[in-house]
Amino acid sequence: MGMSVSMLASGSRGNCAMVSSASTNILVDAGISGRETFKRMKALGEDPHSLSAILITHEHSDHIYGLATLAKRLRIPVFMTGATHQAWARALRDQRGEKPKLEKFERFESGHRFQVGDIEVKPFTIPHDAADPVGFTFRAEGVKVGFATDLGYLPVSVRDHLRGCDVLVMESNHDLEMLRVGPYPWSVKQRVMSRVGHLSNEALANFFINDYDNSATFVVLAHLSEQNNHPEIARREAEKALSARGGLFHNRVLLAAQTEALPPIRL
Ligand SMILES: [Zn+2]
Ligand SMILES: [Zn+2]
């Protein structure tokens, strides 16, 4: 076995995925409840107690909602940057009056690779309105997996990190026109569209047309807005852009969902 990726939940109501090698299982973000995380893992035939670590991209609640519970129940290391950890602890203290404590907190720095079991993790900075947000690439057994969600645009540095990925999990948050005419207040629309907001279908399509190296066997569209996007619009935009590069036969476009886990992607 090479690596596998399971999208357990994706969207503004909670994000959680599992990246695995033959001997290591990493949970990427903990944005749904501990109970729901367990339920979805079990539905895929995965044992939550086989998890080696939890990695956190940033402190927004759709990425950390279940963290305290999961960390307590599983007693496994939780990796995040120092600034993300501080922001998480502050939010938890203010909201729940709890004194946040992680038994096994592991600090990483953006740009510095580290190892979890036999998976090499490289965190990289993404433009988003959080304390110290990151995307990740994972490498094991000759396979590379890239995660880039929650980012206002795709700077050159991020595009560089995403080269050579066999599985690419990319934000396809909103359709610009749907967002523009949709129900959000103007201030929220501005935040979503800003350089530190979320990536539109159109911005992702531009990346596929202009910068993408056509390396991925699977492209996963993630963090879709339920209000300002539609899965079929996101898919159509992505497939149109990928086929413009002649890459559609090679790239399988999958849509990560909010309410149920995707079957594992195996490479
Ligand atoms: Zn966010
Ligand atoms: Zn998010």
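These notes cover the structure that comes with them. (Residues numbered from 1 in each chain as written. Chains lettered and ligands numbered in written order. Predicted model: local features only at pLDDT ≥ 70, side-chain atom pairs only at ≥ 80, totals over all residues. Heavy atoms only, no water.)

Details of the coordination of the zinc ion (ligand 1)
Next up, step 1: Every protein donor of the zinc ion (ligand 1) is listed here as His58 (NE2), His60 (ND1), His128 (NE2) and Asp150 (OD), and their distances to the metal cover 2.2 to 2.5 Å.
Next up, step 2: Seen from the zinc ion (ligand 1), its 4 donor atoms lie at angles of 90 to 172°, and the figure they make is irregular.
Next up, step 3: Site description for the zinc ion (ligand 1): donor spacing in sequence, H-x1-H-x67-H-x21-D.
Next up, step 4: The distance between the zinc ion (ligand 1) and the zinc ion (ligand 2) is 3.5 Å, with aspartate 150 acting as a donor to both metals.
Next up, step 5: A relative accessible area of 1% places histidine 58 in the buried class. (Donors = N, O, S within 2.8 Å, 3.2 Å for Na, K, Ca; no water. Tetrahedral: all angles 85-135°; square planar, octahedral: opposite > 155°, others 65-115°. Buried < 20%, exposed > 50% of the residue type's maximum accessible area, 1.4 Å probe, protein only.)

A short note on helix H1 (residues 34–43)
Next up, step 1: Buried within H1 we find Gly34, Glu36, Thr37, Phe38, Arg40 and Met41.
Next up, step 2: As for H1, its buried residues are in contact with strand S1 (4–9), strand S2 (16–20), strand S3 (25–28) and helix H3 (67–74).
Next up, step 3: Trailing H1 by a residue or two, glycine 45 shows a phi angle of about 80°, which is positive. (Helix = DSSP H or I, 4+ residues; strand = E, 2+ residues; numbered from the N terminus. Contact = heavy atoms within 4.5 Å.)

Considering the coordination of the zinc ion (ligand 2)
Next up, step 1: The coordination sphere of the zinc ion (ligand 2) contains the protein donors Asp62 (OD), His63 (NE2), Asp150 (OD) and His223 (NE2), at a distance range of 2.1 to 2.2 Å.
Next up, step 2: Taken together, the 4 donor atoms coordinating the zinc ion (ligand 2) span angles of 93 to 165° at the metal, a pattern that classifies the geometry as irregular.
Next up, step 3: Judged by relative accessible area, aspartate 62 falls into the buried class, the value being 11%.
Next up, step 4: Histidine 63 gets classed as buried once you look at its relative accessible area, which sits at 0%.

Quick look at the nonpolar core
Next up, step 1: With 31 residues, the main nonpolar core has Met7, Leu55, Val121, Phe138 and Phe147 as its most contacted residues.
Next up, step 2: Among the elements that line this core, the one with the most residues is strand S9 (residues 134–140), at 4 residues.
Next up, step 3: Counting 26 residues, the second largest nonpolar core, distinct from the first, contains Leu162, Ala205, Leu224 and Val253. (Core = buried A, V, L, I, M, F, W, Y, C linked by side-chain atoms within 4.5 Å.)

A closer look at the sheet that holds strand S8 (residues 119–125)
Next up, step 1: An order of S7-S8-S9-S10-S11-S12-S13 is seen for the 7 strands of this open sheet, with the pairing classed as mixed. This sheet does not close on itself; its edge strands, each paired only once, are strand S7 (114–116) and strand S13 (252–255). Along the sheet, successive strands turn relative to each other by an average axial angle of 20°, direction set aside.
Next up, step 2: By the bridge criterion, 6 bridges tie S8 to S9 in an arrangement that is antiparallel. Within S9, the position partnered with lysine 122 by the bridge is threonine 137.
Next up, step 3: Against the sheet, helix H8 (residues 201–210) touches strand S11 (167–171) and strand S12 (218–222), its axis set at about 145° to S11.
Next up, step 4: Where helix H9 (residues 231–244) meets the sheet, its contacts fall on S12 and S13, and the angle it forms with S13 comes to roughly 160°. (Pairing = 2+ DSSP bridges. Axes fitted to C-alpha atoms, helices over the stretch in contact; angles between N-to-C directions.)

Section: H9
Three- or four-residue spacings in an α-helix give side chains the same orientation, since the helix completes a turn every 3.6 residues.
Next up, step 1: For H9, built from 14 residues, the straight-helix expectation of 20 Å at 1.5 Å per residue is met to within 8% by its first-to-last C-alpha distance of 20 Å.
Next up, step 2: Residues of H9 that are buried: Ala234, Glu237, Ala238, Ala241 and Leu242. Seen end-on, H9 carries its buried residues on one side only, within an arc spanning 125°. Those residues of H9 that are exposed and angled more than 90 degrees off the buried face are Arg236, Lys240 and Ala244.
Next up, step 3: Considering only its buried residues, H9 is in contact with H8, S12 and S13. (Expected span 1.5 Å × (residues − 1). Arc of directions from axis to C-beta.)

Some points on the sheet that holds strand S14 (residues 265–266)
Next up, step 1: The 7 strands are arranged S6-S5-S4-S3-S2-S1-S14 in an open sheet whose pairing can be described as mixed. Strand pairing shows two members of the sheet lacking a second neighbour, strand S6 (105–107) and S14, which therefore form its edges.
Next up, step 2: By the bridge criterion, 2 bridges tie S1 to S14 in an arrangement that is antiparallel. Bridging from a neighbouring strand, serine 4 pairs with arginine 266 of S14.
Next up, step 3: On the sheet, H1 packs against S1, S2 and S3 and is oriented at approximately 135° with respect to S1.
Next up, step 4: Of the strands in this sheet, strand S5 (78–80) and S6 are in contact with helix H4 (residues 82–96), which crosses S5 at around 110°.

Points about the packing of aromatic side chains
When we look at a pair of aromatic rings, we describe it by the centre distance and by the angle of the planes.
Next up, step 1: Within the structure shown, the criterion is met by 8 aromatic pairs.
Next up, step 2: Here the aromatic rings of phenylalanine 138 and phenylalanine 147 are separated by 5.9 Å at their centres, their planes lie at 85°, and the arrangement is edge-to-face. The pair phenylalanine 138 / phenylalanine 147 is uniform in exposure class, with both members buried.
Next up, step 3: Both rings, one in phenylalanine 207 and one in tyrosine 212, keep their centres 5.9 Å apart while their planes meet at 50°; by these two values the pair is tilted.
Next up, step 4: A relative accessible area of 2% means that tyrosine 212 is categorised as buried.
Next up, step 5: One aromatic cluster is present, formed by Phe79, Phe108, Phe114, Phe136, Phe138 and Phe147 through successive ring pairs.
Next up, step 6: Stacked on the ring of phenylalanine 38, the Lys or Arg arginine 73 has its end atom at 4.2 Å from the ring centre. (Phe/Tyr/Trp six-rings, centres within 6.5 Å; stacked < 30°, edge-to-face > 60°. Lys NZ or Arg CZ within 6 Å of the ring centre and 35° of its normal.)

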